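Each chain, letter by letter, is given below.
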Amino acid sequence: MIREEQTTIGFHVWGAEKLSEEKLTVLRLDNDGITYAMAVTEEGYLLHVYYGKRCGDDDLTYLLHLDEGNYTPQHHNRERMGFMDSRPFEYPCHGIGDFREPCFMILDGDGMSACDLRYKSHRIVSGKPELKQKGVSCIPATFAKEDEAETLIITMEDEHAGLTAELSYTIFRDRNVITRAVKVYNRGYGDVRLQRVLSACVELPGMDYEMITLNGNWARECAVSRVPLHAGKQLTDSLRGVSSAQHNPFMALCTPGTDEEHGEVYAFHLVYSGNFLAEAEVTGGKQTRTVIGINPYDFSWLLRPEEEFQTPEAVLVYSEEGLGGMSRMFHDLYRSHLIRSYWKDRERPILINNWEATYFNFDQDKLYAIAEEASKLGIEMLVMDDGWFGCRNFDDNSLGDWVVNEEKLKGGLKPLTDRINALGMKFGIWFEPEMVSDNSELYRAHPEWAIQIIGRDLTQARAQYVLDYSNAEVRDYVYGMLTNILNSANIEYVKWDMNRALTEVGSTSLPRKRQRELWHRYVLGVYDLMNRLTTDYPKLLLENCSSGGGRFDPAMLYFSPQIWASDDTDAIERLKIQYGTSYCYPVSAMGAHVSDCPNHLLGRNTPFDTRGDVALVGTFGYELDVTKIPAEDRAKIPGQVAKYHRFHKLMSDGDQYRLGNLFKDNTYDAWMFVSKDKSEALLTYVQVLGKPSEPAKRLYLRGLDADRKYFCEETGQTLSGKTLAACGIDVGLRGDFVSKTFYFKAEEA
Ligand code: DGJ
């Protein structure tokens, strides 16, 4: 519920005899789990009052301490700066006395950067309006029906600069979630440059928090880092043009001691795929300001009169049930209110991808042989990865030439897909639509279509450049090639890859004044094409990928219900990657495959069963040449396929509980999925390193109904949820890298 209340604070101004008063308008968003409150002063300053656990219907403005310190400006302007620099603001502006991290900064026609957004009005609407900007086809964001959420839109104005900013706050009815975004209009007569337009700021009391971020690199995505806050600024960000494998657009602050079940967590996630910034700033030991949004570094957006700019959305999740509670909140939100694919609630086909099976060395017979064998084992889709187009036999050419290489695939795609379909299998294909190889017909014909700075050498990565997706002509041309391929055969899945970051960021099609907009315009161009693709092919299963999990972000989830989590397919390395990824993303979104051993990256050998159990916590598939793997491994595939079919619904719709943490204890990992009605659960245990003379590992189960009895298929025991939580079960195994699953079924009431 969103409501408005009026209140008055009385106080003494230094030297003045009589009592002064400040009238405040309080704006409050509540549901059963959370409260978010702010207050507008008589001069239109929008102050942050409270965010966190649901509190009583009291007047919360005492938290502002406006009656102390003589700082209410309209009564005592000589101390306005003290007010600006100490109070918690909802959307702090640069240059007017608040010296902490601002959300908003401009460059006006006079070359001035100060700005001052003040409250003018607000409105409340049911549901959640789409994020829109004139001329932009699609801005990914969460969605909600009229009865699932309410939105508060606060209009702020900077009279001097002629700017209006609409701050929107959506509260979801049944979730501890608030989403925020900002839309700026130029209603003046002159041009203004937006130098910084962040999506949200939340001020938290004190500094006693730990900051959690997800960091990594190629093949090491989403490693969890957790450090206590210190005075000053600490941040996570990307300057690569993609959200990046190095840092996910996620930051959480938690109270010390927070674990999987206990403790308060304030999490922030940006629905964005480009340069982002998430920062916490501790000032004076008294207050922590958190901000999140498009990275202002090298960002500048020209806003002409009557133009508008819409920021991406920030998702704020609050949990008082620790990190597990935070993750389950993200999972539920994203499954129901972000992923919009036809496939979001449907069982995904078990796929076999030929990348690690063949790399570039394949033809239609090899692919068919893999598919034929796979189909006998119950695998449902063949995905043809990189190497089917142009003259691509290695990674240094042909990106952008999306025409079938008929030396490999005679007669084009149709003969192959028809044969694969005749096996009862679906067919999927790989593209890297944002790229052009140095050695390609497209680059020879249109060198100006690459992102570049004219006169400078272009930095290659994997011998390729990034196409200028801010240019609609480029997007149309690429889309034409993609649709030619998609229309040429029965293609039901696309893996959309993206294998390099942006350098020499300049566009031959943008005017000089708009060059710094390219970072963001590029991202909007990608969204435009993904939107077109998923609109024109509504049943297409789209899987995002960026050298693995290099663009695993909520905006990509909006288009694709699954994202390839990492090129590291080693089951043991995957434990950490999938653990970190599960902080924000549901397993139904996590691309995970069983690959061959020794693992191609690490050279490590792991049992086929373990590889299966680890890939099961994801979209599940295979990344190997099924005609060549050992017969005993192949023989296990039908069992794994059956396991996926049996447990897929429980895992993709259920609640996830992490019982292990390899970042703390590298000897084991374990997790559980419990159905929403708590009638069944699946526990997986992976023993990374066996140890002699030690008791079996005891795991304490979570999420079960304390009062119901559960039969465990593997142990044959029937125990209450209460006992399973309090006393646990012993899951000792012999060996390294071994795994076991335990299925629990509640007795009928
Ligand atoms: C990077 C992806 O992450 C891999 O799965 C594979 O598709 C290669 N690109 C192909 O070039």
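Refer to the preceding data block for the structure.
What this report covers is the structure whose coordinates are included nearby. Keep in mind it's a predicted model, so treat the numbers as computed, not measured. (Residues numbered from 1 in each chain as written. Predicted model: local features only at pLDDT ≥ 70, side-chain atom pairs only at ≥ 80, totals over all residues. Heavy atoms only, no water.)

Side note on the overall build of the protein chain
For the protein chain, the helix and strand inventory stands at 14 helices and 39 strands. Relative to the 2.2 N^0.38 estimate, which gives 27 Å for 749 residues, the radius of gyration of the protein chain is 27 Å and therefore close to what a compact globule would have. When the 749 residues of the protein chain are sorted by exposure, 63% land in the buried category. Within the protein chain, contacts between residues at least 6 apart in sequence are counted, and of these 69% link residues at least 24 apart. Accessible surface computed for the protein chain: about 27,600 Å², of which carbon and sulfur atoms make up 49%. Of the side chains in the protein chain, 83 bear a positive and 111 a negative charge, and the two mean positions are spaced by 1 Å. (Helix = DSSP H or I, 4+ residues; strand = E, 2+ residues; numbered from the N terminus. Rg over C-alpha atoms; globule rule 2.2 N^0.38 Å. Buried < 20%, exposed > 50% of the residue type's maximum accessible area, 1.4 Å probe, protein only. Contact = heavy atoms within 4.5 Å. Areas by Shrake-Rupley, 256 points an atom, 1.4 Å probe, with all protein chains shown as cover. Lys, Arg positive; Asp, Glu negative; His and termini not counted. Charge placed at Lys NZ, Arg CZ, Asp CG, Glu CD.)

As for the site of the ligand
The immediate surroundings of the ligand are formed by 13 residues, with Asp385, Asp386, Lys495, Asp497 and Asp567 found nearest. The side chain of tryptophan 430 places a nitrogen or oxygen atom 3.1 Å from an oxygen atom of the ligand. Here an oxygen atom of the ligand and a side-chain polar atom of aspartate 567 are 2.5 Å apart. In the complex, the protein chains occlude 97% of the 290 Å² of accessible area that the ligand would expose alone. (Near = heavy atom within 4 Å. Polar contact = N/O pair within 3.5 Å; in protein donor to acceptor, adjacent residues only side chain to side chain.)

Examining the pattern of salt bridges
Considering all chains together, one arrives at 61 salt bridges under this definition. Of the charged contacts, one joins aspartate 191 and arginine 304 as a salt bridge, the two residues approaching to 3.2 Å between their closest N and O atoms. Of this pair, aspartate 191 sits in the loop between β9 (177–186) and β10 (192–205) while arginine 304 sits in the loop between β18 (301–303) and β19 (308–310), and the two are 113 residues apart along the sequence. As a salt-bridge pair, aspartate 609 and lysine 636 come within 3.6 Å of each other at their nearest N and O atoms. Of this pair, aspartate 609 sits in helix α11 (residues 608–616) while lysine 636 sits in the loop between α12 (631–634) and α13 (637–653), and the two are 27 residues apart along the sequence. (Salt bridge = Lys/Arg side-chain N within 4 Å of Asp/Glu carboxyl O.)

Overview of the pairing of strand β15 (residues 265–271)
Counting buried residues along β15, seven of its seven residues qualify, which places the element largely inside the surrounding structure. Neither face of β15 is left uncovered, since the one carrying Val265, Ala267, His269 and Val271 and the one carrying Tyr266, Phe268 and Leu270 both have all their residues buried. With seven bridges joining them, β15 and strand β20 (residues 313–319) adopt antiparallel strand pairing. Looking across to β20, one finds that alanine 267 is bridged to valine 317. (Pairing = 2+ DSSP bridges.)

What about the sheet that holds strand β37 (residues 718–720)?
One open sheet accounts for six strands, arranged β32-β33-β34-β39-β36-β37; its pairing is antiparallel. Only two strands of the sheet have a single partner each, and these edge strands are β32 (655–658) and β37. With direction set aside, neighbouring strand axes in the sheet form an average angle of 25 degrees. As judged from the three bridges shared by strand β36 (residues 709–712) and β37, these two strands associate in the antiparallel manner. For phenylalanine 711, the partnering residue across the bridge sits in β37 and is threonine 718. On top of the sheet, α13 reaches β32, β33 (668–674), β34 (680–687) and β39 (738–746); it is set at about 105 degrees to β34, its chief contact. (Axes fitted to C-alpha atoms, helices over the stretch in contact; angles between N-to-C directions.)

Structural notes on the packing of α11 against α13
One way to put it is that α11 packs onto α13 with a least axis distance of 10 Å and a crossing angle of 25 degrees. Considered as vectors, α11 and α13 are oriented roughly parallel to each other. Seen along the crossing, α11 lies across α13 with a hand that is right-handed. Packed against α11, whose contacting residues are Phe608, Asp609, Gly612, Asp613 and Leu616, the element α13 presents Ile637, Gln640, Lys643, Tyr644 and Met651 at the interface. (Parallel < 35°, antiparallel > 145°, perpendicular 65-115°, else oblique. Left-handed = near helix turned anticlockwise from the far one by under 90°.)

Things to note about the sheet that holds strand β4 (residues 46–53)
An order of β1-β2-β3-β4 is seen for the four strands of this open sheet, with the pairing classed as antiparallel. The sheet is open, and its two borders are formed by β1 (2–12) and β4, each paired with just one other strand. The sheet shows a mean angle of 25 degrees between the axes of neighbouring strands, taken without regard to direction. As defined by bridge partners, strand β3 (residues 34–40) adjoins β4 across seven bridges and the pair is classed as antiparallel. By the bridge assignment, methionine 38 is partnered in β4 with histidine 48.

A few points about the side chain of glutamine 310
Looking at the element boundaries, glutamine 310 is found in strand β19. Residue classification places glutamine 310 among the buried residues on the basis of a relative accessible area of 6%. At a separation of 3.2 Å, a polar atom in the side chain of glutamine 310 contacts the main-chain carbonyl oxygen of valine 182. Once you skip the residues sitting within four places of it in the chain, glutamine 310 turns out to touch Leu131, Lys132, Gln133, Ile139, Ala181, Val182, Lys183 and His520.

Description of the packing of aromatic side chains
Scanning the model with the defined rule gives 38 aromatic pairs in all. The side chain of arginine 419 reaches across the aromatic face of tyrosine 368, ending 3.7 Å from its centre. Its guanidinium or amino end placed over the ring of tyrosine 579, arginine 658 lies 5.5 Å from that ring's centre, counting from NZ or CZ. (Phe/Tyr/Trp six-rings, centres within 6.5 Å; stacked < 30°, edge-to-face > 60°. Lys NZ or Arg CZ within 6 Å of the ring centre and 35° of its normal.)

Quick notes on α13
Here α13 spans 24 Å end to end across 17 residues, near enough to the 24 Å set by a 1.5 Å rise per residue. The axis of α13 is deflected most strongly, by about 50 degrees, at phenylalanine 647. Buried within α13 are the following residues: Ile637, Gln640, Val641, Tyr644, Phe647, His648, Leu650, Met651 and Ser652. (Expected span 1.5 Å × (residues − 1). Bend = angle between axes of the 7 residues up to and from the residue.)

Things to note about the nonpolar core
Most often, soluble globular proteins keep nonpolar side chains buried together rather than apart. Within the largest apolar cluster, 198 residues are counted, with the highest numbers of intra-cluster contacts made by Phe104, Trp388, Ile429 and Tyr622. If sequence neighbours within four positions are ignored, tryptophan 388 has contacts with Phe362, Trp402, Val403, Val404, Asn405, Leu409, Ile429, Trp430, Phe431 and Ile485. (Core = buried A, V, L, I, M, F, W, Y, C linked by side-chain atoms within 4.5 Å.)

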